[in-house]
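Inside the fold
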Amino acid sequence: MNDLLPNPWNLEALLGLAWLALAAGVLSLILLTGRRIGRRLNLRLWGVPEALVAGLIGLLVAPAGPLPLLPEHVMELWGGLPLVLLTLVFGSLMLGKPLPKLGGLWRPVSGQVSLALVLAFGQYVVGGLAVLLVLQPWLGVSPVMACLIEVAYEGGHGSAAAMGPSYAALGFPGGQDLGLAMATVGLLSSTLVGGVVVVIGRQRGWLLAQIQAGSAPGAAPLAGSTTDDSAPTHPAWAAWAVNLALVGIAVLIGVGLLALLRLGTDAIGGGVAEVGQSLPVFPLAIIGSLLVRWLLERSGNSHWASAPIQSEIGTLSADLLITSATACLNLALLAADWLPLTVLAVAGLTWNLAVTLLLAPRLLPADWFERAVLEFGQATGVAASGLLLLRMADPDDHSQALPAFSLKQLLLQPFLAGGVVTVVAPLAVAGWGLPTWTGFCLALVLLAGGGGLLLAQAGRNTEPTAAHP
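Here is a short report on the structure shown in this document. Remember, it's a predicted structure, so these values are computed and weren't measured experimentally. (Residues numbered from 1 in each chain as written. Predicted model: local features only at pLDDT ≥ 70, side-chain atom pairs only at ≥ 80, totals over all residues. Heavy atoms only, no water.)

1. Points about the overall build of the protein chain
Selection criterion: Counting from the N terminus, the helices are DSSP H or I runs at least four residues long and the strands are E runs at least two residues long. Partly exposed describes any residue whose relative accessible area lies between the buried limit of under 20% and the exposed limit of over 50%, with all areas from a 1.4 Å probe on protein chains only and scaled to the type maximum. Two residues qualify as a contact provided that any one of their heavy atoms is within 4.5 Å of a heavy atom in the partner residue. Per-residue accessibility takes into account occlusion by the displayed protein chains alone, with areas from the Shrake-Rupley method and a 1.4 Å probe.
Secondary structure summary: the protein chain contains 21 helices and 0 strands in total. Scored against the burial criterion, the 469 residues of the protein chain give a buried share of 49%. Considering only contacts in the protein chain between residues 6 or more positions apart, those separated by 24 or more positions represent 80%. Of the accessible surface of the protein chain, which amounts to about 21,100 Å², a share of 70% is contributed by carbon and sulfur atoms.

2. Here we look at a nonpolar patch on the surface
What counts, and what does not: Surface patches are defined over residues having more than 30% relative accessible area and no salt bridge, joining like charges when they lie within 9 Å and nonpolar side chains (Val, Leu, Ile, Met, Phe, Trp, Tyr) when within 5 Å. In what follows, salt bridge is the name for a side-chain nitrogen of Lys or Arg lying within 4 Å of a carboxyl oxygen of Asp or Glu.
Residues L11, L14, L17 and L20 make up a contiguous nonpolar surface patch of roughly 410 Å² in combined accessible area. By the secondary structure assignment, L11 is in helix 1 (residues 8–40).

3. A few points about helix 11 (residues 236–268)
Convention followed: Helices are assigned an expected span. That span is 1.5 Å times one less than the residue count.
For helix 11, which comprises 33 residues, the first-to-last C-alpha distance of 48 Å matches the rise-based estimate of 48 Å (1.5 Å per residue) to within 8%. Turning to helix 11, its buried residues are A238, A239, N243, L246, V247, A250, V251, G254, L258 and T265.

4. Here we look at the pattern of salt bridges
Under the definition given, this model contains 3 salt bridges. Among the ionic pairs, R35 bridges to D319, the shortest N-O distance being 2.8 Å. Of this pair, R35 sits in helix 1 while D319 sits in helix 14 (residues 307–327), placing them 284 residues apart in sequence. Exposure remark for R35: the relative accessible area of 14% places this residue in the buried category. A salt bridge links E297 to R293, with the nearest nitrogen and oxygen atoms 3.0 Å apart. Linking E297 with R293, this pair stays in helix 13 (residues 282–298), spanning 4 residues, or about one helical turn.

5. Digging into the packing of aromatic side chains
Basically, it comes down to this: Geometry of aromatic contacts follows a simple scheme: Phe, Tyr and Trp rings, the Trp one being its six-membered ring, pair when their centres are within 6.5 Å, and the pair is stacked under 30 degrees between planes, edge-to-face over 60, tilted otherwise.
If you walk through the whole model with that rule in mind, you get 9 aromatic pairs. Taken together, a centroid distance of 6.4 Å and an interplanar angle of 45 degrees make the contact between F121 and Y124 tilted. You can see F121 and its partner Y124 sitting in helix 5 (residues 106–139), 3 residues apart, about one turn around the helix. Taking relative accessible area as the criterion, F121 reaches 9% and is therefore assigned buried. Taking 5.8 Å as the distance between ring centres and 55 degrees as the angle between the ring planes, the aromatic pair formed by W206 and F369 counts as tilted. Of the two residues, W206 sits in the loop between helix 9 (175–204) and helix 10 (208–211) while F369 sits in helix 17 (residues 368–380), which places them 163 residues apart along the sequence. By relative accessible area, which is 5% here, W206 ends up buried.

6. A word on the state of the cysteines
Definition in use: Criterion for a disulfide: a pair of cysteine sulfur atoms within 2.5 Å.
Under the defined criterion, the tally for this structure stands at 0 disulfides. Not part of a disulfide, C147 finds its nearest cysteine sulfur in C441, a span of 8.3 Å. Residue C147 is classed as buried on the basis of its relative accessible area, which comes to 2%. By relative accessible area, C441 is classed as buried at 0%.

7. Here we look at the nonpolar core
The condition that has to hold: What is meant by a nonpolar core is a set of buried Ala, Val, Leu, Ile, Met, Phe, Trp, Tyr and Cys residues, joined one to another through side-chain atoms within 4.5 Å.
Formed by 73 residues in total, the largest nonpolar core has its most connected members in M145 and L344. By residue number, the principal contributor to this core is helix 5, which donates 14 residues. When sequence neighbours within four positions are dropped, the list of residues in contact with L344 reads G127, A130, V131, L135, M145, L148, I149 and M182. Among the nonpolar cores identified, the runner-up in size contains 26 residues, and I30, A54, A62 and A162 belong to it.

8. Re the packing of helix 4 (residues 81–92) against helix 11
For any two helices packed against each other, one specifies the inter-axial angle together with the distance between the axes. Note the cut-off: Every axis in this analysis is a line fitted to C-alpha atoms, fitted for helices over the stretch in contact. Angles between the N-to-C directions lie between 0 and 180 degrees. In what follows, roughly perpendicular refers to angles from 65 to 115 degrees, roughly parallel to angles under 35, roughly antiparallel to angles over 145, and oblique to any angle outside these ranges. Any residue outside Ala, Val, Leu, Ile, Met, Phe, Trp, Tyr, Cys, Pro, Asp, Glu, Lys and Arg is labelled polar, Gly included; the first ten of those are nonpolar and the last four are charged.
Relative to each other, helix 4 and helix 11 sit at 105 degrees, their axes nearing to 9 Å. If you check the angle between helix 4 and helix 11, you find them roughly perpendicular. The segment helix 4 lies against helix 11, with T87, L88, G91 and S92 engaging V247, A250 and V251. Here the residues of the contact of helix 4 with helix 11 sort into 4 nonpolar, 3 polar and no charged.

Spelled out as structure tokens, the structure:
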């Protein structure tokens, strides 16, 4: 008889599942609405993600919004989603792509790597200078605020949301909301400002198609950028089940690597242990993704990983992430901190433009402009913004920008744009002090930029002459 009586724990679990189902259902409905609105308005042509529209709808009906229709508990559940969703994005990142072959690629990719390092660590430099010289003396802001440009511009909404708990633990509780707002600014400006840059580049004759006028070079893919041969041949539901399982394995590998890393750092102790305990799983999920792809290729089963399905998993996860993170923005905090937000946003955008227009033509091969606008879009907004700018600048695929960018992403993604450096940066600011961290990043900028210029000079005799601004 006792088994037939209601169990309070079961009732609580059922209630929790009901809340979770409600939160997931409402979030999916809002994203679907945002996507329909975005398609009706052709927002993709302007580089505005439909998920951002969905996030604004969520912000409208949030408890603090003008139409407070959603319960507070739903927002609390949404607040815990970014870390999970970003881990899925990273876990699916390499599964659907053939692994690039590194032989003979270092020379054309080295400039891309140097440019990306200068952009990323330079964002820490300009952020540190803005906080040290302007924001701290005038407004007394937290030194950790100097990390917001990189986490928002390079990392985007996912990294900004995921780093929120770390910022709060370091005495900067508003870091997550300010980072999300900065990511939104970067997302919009990457396309709008980048589009203007493409128009200027076309007028100045910087495009490779203009430089090589009359030659019609083929778009021979770089090694590793092969066409997709992994389209599923089994039923759709089975293909989705297999690909979701592969993502799950990649994430589990990341969890295992994180556990091993924490064991090692705990044994060392001190600040190293603190870094290990603060590191989330998502930077290591990409290593799991890479390892699973390698095993599939080695065993001849790469057809199990479908590029379209993996792309859809990553896109859907990213869209849900942007929607939930935007809907959870603290508008009162943003209104109070609009001045430091503006200073950092302008400083980061100015740096990215300067590097793109002044350093990139001296660092990159003949198709420097196509490579540079792709990098600008990613370093200011998201990779999709960079791809949109590349399509505007190079609609017929004359350049080798995309393969070089893909390989660069493979090399640097675990470290920058939400990777290990993004996680370690606020801890370094708190432990070393902002002046030391800013000086360290400046040294890395000079090292990466100087090394890239030397390599470019060494290979100049074998590269076609590019038009410089």
